[in-house]
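This is what each chain is made of:
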Amino acid sequence: MGKNNITNKNEVNMLEGSLLDKIILFALPLAGSSILQQLFNSCDTAVVGNFASSQDMAAVGANASVICLIVSLFVGLSVGANVSIGRLIGHNERKRINTAITTIMILAVLSGILLLVLGLILASPVLRLMKTPDDVLYLAIEYLQIYSLGMPFIMIYDFGAAILRSRGDSRRPFFALLFSGLVNVSLNLILVIVFKMGVAGVAIATVISNAISSIFIIIFLIKGDEDFRLNVHELKFDKEFFLEVLRIGVPSGIQGMIFSFSNSIIQTHLNGFNSTIMAGSTASQNIETIGYYAINSFNQSATTFMSQNYAAGKKDRCRKVFRYTLLCGLISCLIIDILLLIFHGPVLSLFSGDSEVVKAAYIRMIHVISFQCIASTYEISGSNLRGMGYSATPTILTIFGCVGFRLFWIYFIFPISKTYEMLLNVYPVSWCITGTLVMGAYFIISKKKLKVDVKI
């Protein structure tokens, strides 16, 4: 086991010693990274909401589901990269890791270029298809096309961060994001307030900050340990590893794409109200994602810890990984969401001074944030299954529970009472259904695959 002992101060030894404290320490920078990223994205919304117009604010919000739809497949592939390298570590196949890293980074660059082209081409037709209001449409197209220029940087950061996290390093991606995010906020204020650039200003600031975070990640990988390093002068492509990444990552990515598609359908129906409700929904979305990212940090922890320990045959630790990550995800999201509901007034005032926008935002908070912790049941259960190599199962169940049911709700339940509140109710109901399905699948599979003789 000597080679598996992690000595780097930035990394966590997932195969030995206590688990709960390591999961929390690993998850905290992940949560910090995601929440920081969302806070910096929220600054886009807050700056245009306070220093431009509600139309600018709605234009930024109209793109949220579109951007998720475009990048979801490749974010799923980064999950596959994390699990696949984690398995190499668990099996102690150190000699293959450097080639695996170069394979992943080649995939990241190619993915980013493809997304850049798609973003530029699809911005106008997709936003028109989503029935974006005329007073918001051209601003939304402008924002998405400029944002798309940063796609290669986003992919480099996501895939590179997945590589570092697979070995237990969640700190350095956090610090890279912290620095680039501060640049983003500063540029937002300068470009929107001083140069009056509106949505174009916040989009340009986002592209620049993404470029900075990707540069940090590349430097970290180039300067890594000898057996865990990006060798830019020896770029090798491992076909077998690539296929393993696809096997695990594609189902996750497809789930994300279809999930984002269902959210785009919901956004389309939100667009059918007015720009005030769109702006209010945008403000609430920016806030509610903070709770989701708390869940997501334990998602990623579950995938990484489970993949290494499952590959190493440590079944007792695998079962503990599930219990600890699920418990922590539930509690952390619940605490955050309770605080957001208690302090909704001052929080929402950061996004807009329009009382009608704030009212629409609070309505969404009541219907969505109040129940958001339920999402951890299917998210974290699914991540544990992916860490064990079962990627298709949670994908199919999530598509059925969240996507299929949401479409059913929109086309058969929502028409009964076409109100803003009725549309929002689709979220908590779909979370309950999907959580029941995916947790059930985890218990069935783990009962067989993680059966151990010792009592834990």
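Given the structure is predicted, the values throughout are model-derived calculations rather than measurements.

A. How the structure looks around the nonpolar core. Counting residues in each nonpolar core, the largest one holds 72 residues, and the members touching the most others are Ile85, Ile101, Tyr143, Phe159 and Ile163. Excluding residues that lie within four positions of it along the chain, Ile101 makes contacts with Ile85, Ile163, Phe228, Arg229 and Leu230. Counting residues in hydrophobic clusters, the runner-up holds 51 residues, among them Ala27, Ala375, Leu397 and Ile445.

B. Inspection of the side chain of Asn309 at higher detail. Inspection of the secondary structure assignment puts Asn309 in helix α10 (residues 275-311). Asn309 gets classed as buried once you look at its relative accessible area, which sits at 0%. Polar side-chain contacts of Asn309 include one of 3.0 Å to the backbone oxygen of Met14. Here Arg317 takes part through its side chain, which lies 2.9 Å from a polar atom of the side chain of Asn309.

C. Spatial organisation of the pattern of salt bridges. Using the criterion set out here, one finds 7 salt bridges in the structure. Residue Asp225 is joined to Arg167 by a salt bridge in which the shortest nitrogen-to-oxygen separation is 3.0 Å. Of the two residues, Asp225 is situated in the loop between α8 (198-222) and α9 (239-270) and Arg167 in the loop between α6 (151-166) and α7 (171-194); the sequence distance between them amounts to 58 residues. With relative accessibility at 33%, the residue Asp225 sits in the partly exposed group. For Arg167, a relative accessible area of 8% puts it in the buried group.

D. Structural context of the confidence of the model for the protein chain. Taken residue by residue, the protein chain gives an average pLDDT of 87. The fraction at 70 or more is 95%. Every residue in residues 1-7 scores below 50 in pLDDT, and together they form 15 contacts with partners more than four places removed in sequence or on other chains.

What counts, and where the lines are drawn
Residues numbered from 1 in each chain as written. Predicted model: local features only at pLDDT ≥ 70, side-chain atom pairs only at ≥ 80, totals over all residues. Heavy atoms only, no water. Core = buried A, V, L, I, M, F, W, Y, C linked by side-chain atoms within 4.5 Å. Buried < 20%, exposed > 50% of the residue type's maximum accessible area, 1.4 Å probe, protein only. Contact = heavy atoms within 4.5 Å. Helix = DSSP H or I, 4+ residues; strand = E, 2+ residues; numbered from the N terminus. Polar contact = N/O pair within 3.5 Å; in protein donor to acceptor, adjacent residues only side chain to side chain. Salt bridge = Lys/Arg side-chain N within 4 Å of Asp/Glu carboxyl O. pLDDT = per-residue confidence, 0-100.

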